[in-house]
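Take a look at the letters that make up each chain.
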Amino acid sequence: MQIKFMKKILFLLCLVITAGCTNAQNSTPPADKKAPTPTAIAPYHILTTDSVYTTPADLKKNKPVMIIYFSPDCSHCQHLMYEMKPKIAAFKNMQVIMVTWVKQLEAIRVFARDFDLKKHPNFTVGTEGYTMVVQRYYDVHTTPYIAMYDKNHKLVKDWEKAPSIDELASAAKKL
């Protein structure tokens with residue numbers, strides 16, 4: 001008798017849980033519909049490889065910007081940088097801000113060192129830590145994510161997946 005009663009209670013409990021789950025709202029857009037990319041530069045606050053914090057307020061006026069959201073251990077990010085290295089002159093007139101969520105500053109320094117980014121003062125590499133402000137702002141799901149802005153800091157184009165370096169250089173040349 002008690003077992004039948006317990007089964008009924010368990011069944012009702014399962015029904016209540018199922019009903020609650022089916023009525024829960026999903027705050028993320030469906031996989032086939034990406035949220036629109038914001039047109040302004042993300043309000044980043046990153047700790048650079050020089051242990052200095054920087055924000056969009058530190059960007060030079062009237063100079064294009066490229067934001068690259070990356071991970072130091074991401075093979076696609078590394079491949080992008082290997083391809084970019086011999087053609088890095090194509091980006092010399094652009095401020096390149098490389099942002100990661102990886103908190104280990106030493107891993108980020110190694111990444112910057114491996115690609116000789118210190119030789120290029122227009123490159124800034126740093127971490128936003130676990131705040132994920134930039135990641136959420138651009139709705140980044142894979143790395144590298146790239147957003148390119150004109151000299152007025154208005155969005156020109158963004159890439160959810162790494163484009164060819166020729167495509168990226170061509171877009172930079174047009175700015």
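A quick note: this is a predicted structure, and the numbers were derived from the prediction, not measured. Throughout, residues of each chain are indexed from 1 in the direction in which the sequence is written. Local features in this predicted model are restricted to residues whose pLDDT is 70 or higher, and side-chain atom pairs enter the listing and the counts only when it is 80 or higher, whereas totals over whole chains, interfaces and linings include all residues. The basis for the side-chain values is all heavy atoms of the structure; hydrogens and waters are excluded.

*Asks:* Looking at this structure, how should I read the environment of valine 102?
*Replies:* Summarising the element assignment, valine 102 is placed in the loop between strand S4 (95–100) and helix H3 (105–114). As a C-alpha pair, valine 102 and glycine 126 span 24 residues in sequence and 9.0 Å in three-dimensional space. It only takes one pair of heavy atoms within 4.5 Å for two residues to be counted as in contact. Apart from the residues within four sequence positions on either side, valine 102 is in contact with Ser71, Pro72, Ile108 and Thr127. Under the scheme used here, helices are H or I runs from DSSP no shorter than 4 residues and strands are E runs no shorter than 2 residues, and both carry numbers assigned from the N terminus.

*Asks:* Looking at this model, I keep getting lost on the environment of histidine 153. Mind explaining?
*Replies:* Mapped onto the secondary structure, histidine 153 falls in the loop between strand S6 (145–149) and strand S7 (155–159). It is 8.7 Å that separates the C-alpha atoms of histidine 153 and threonine 39, two residues lying 114 residues apart in sequence. The residues touching histidine 153, leaving out its near neighbours within four places in the chain, are Thr39, Ala40, Ile41, Leu59, Lys60, Lys63, Val65 and Gln95.

*Asks:* Sorry if this is basic, but what is going on with the nonpolar core here?
*Replies:* For soluble globular proteins, nonpolar side chains are generally found buried alongside one another. In terms of nonpolar packing, the biggest core is built from 30 residues, with Met66, Ile68, Met84, Phe91, Met98, Leu117 and Leu168 touching the most fellow members. Those elements giving two or more residues to this core turn out to be strand S3 (65–69), helix H2 (75–84), S4, H3, strand S5 (123–127), S6 and helix H5 (165–173). By residue number, the principal contributor to this core is H5, which donates five residues. Ignoring any residue separated from it by four or fewer positions in sequence, one finds methionine 84 in contact with Met66, Ile68, Phe91, Phe123, Ile165 and Leu168. As used in this record, nonpolar core signifies buried Ala, Val, Leu, Ile, Met, Phe, Trp, Tyr and Cys residues forming a set joined through side-chain atoms within 4.5 Å. Residue exposure (1.4 Å probe, protein chains only): buried if accessible area is under 20% of the type maximum, exposed if over 50%, otherwise partly exposed. Formed by 16 residues, the second largest nonpolar core is a distinct cluster that contains Leu59, Ile97, Val99 and Val140.

*Asks:* Got a minute to help me understand the layout of surface pockets in this structure?
*Replies:* Leftover empty space is mapped by rolling, across the atoms, a probe with the size of a water molecule. Cavities and pockets are defined on a 1 Å grid built over the protein atoms alone: a cavity is a set of grid points where a 1.4 Å probe fits but cannot escape, while a pocket is an open set with protein on both sides within 12 Å along at least five of seven lines, and lining residues are those with an atom within 4 Å of any such point. Grid points are joined across faces, edges and corners, and a volume is the space filled by probe spheres set on the points. In this structure, the largest pocket encloses a volume near 230 Å³. Lining the largest pocket are Tyr44, Thr54, Asp58, Leu59, Lys60, Lys63, Gln95, Ile97, Pro121, Asn122 and Thr124. The residue classification treats Ala, Val, Leu, Ile, Met, Phe, Trp, Tyr, Cys and Pro as nonpolar and Asp, Glu, Lys and Arg as charged. All others, Gly included, are polar. Each residue belonging to the lining of the largest pocket can be placed in one class, and the counts come to four nonpolar, four polar and three charged. The space that makes up the second largest pocket amounts to roughly 180 Å³. Residue lining of the second largest pocket: Pro43, Tyr44, His45, Leu47, Tyr53, Lys103, Thr127, Glu128, Gly129, Tyr130, Thr131 and Val133, and that is the complete set.

*Asks:* Quick question: what am I supposed to make of the pattern of salt bridges here?
*Replies:* If charged atoms from side chains of opposite charge come close, those side chains can pair. Salt bridges are defined as contacts in which a side-chain nitrogen from Lys or Arg sits within 4 Å of a carboxyl oxygen from Asp or Glu. Scanning the model with the defined rule gives five salt bridges in all. The salt bridge partner of aspartate 114 is arginine 113, with a shortest N-O separation of 3.0 Å. On the basis of relative accessible area, aspartate 114 is assigned to the partly exposed category, the value being 39%.

*Asks:* When you look at the pairing of S5 in this model, what are you seeing that I'm missing?
*Replies:* Residues in a regular strand point their side chains to alternate faces of the sheet. Here S5 lies mainly inside the structure; four of its five residues are buried. At least two DSSP bridges between two strands are required for those strands to pair. Of the pairings in the sheet, the one linking strand S1 (residues 46–48) to S5 comprises two bridges and is antiparallel in character. Counted as the bridge partner of leucine 47 is threonine 127 from S5. As defined by bridge partners, S4 adjoins S5 across five bridges and the pair is classed as parallel. Looking across to S5, one finds that methionine 98 is bridged to valine 125. In terms of handedness, the path from S4 via H3 over to S5 forms a crossover that is right-handed. By definition, the crossover connecting two strands over a helix is right-handed if that path, from the first strand to the second, turns clockwise as seen with the strands pointing away from the viewer.

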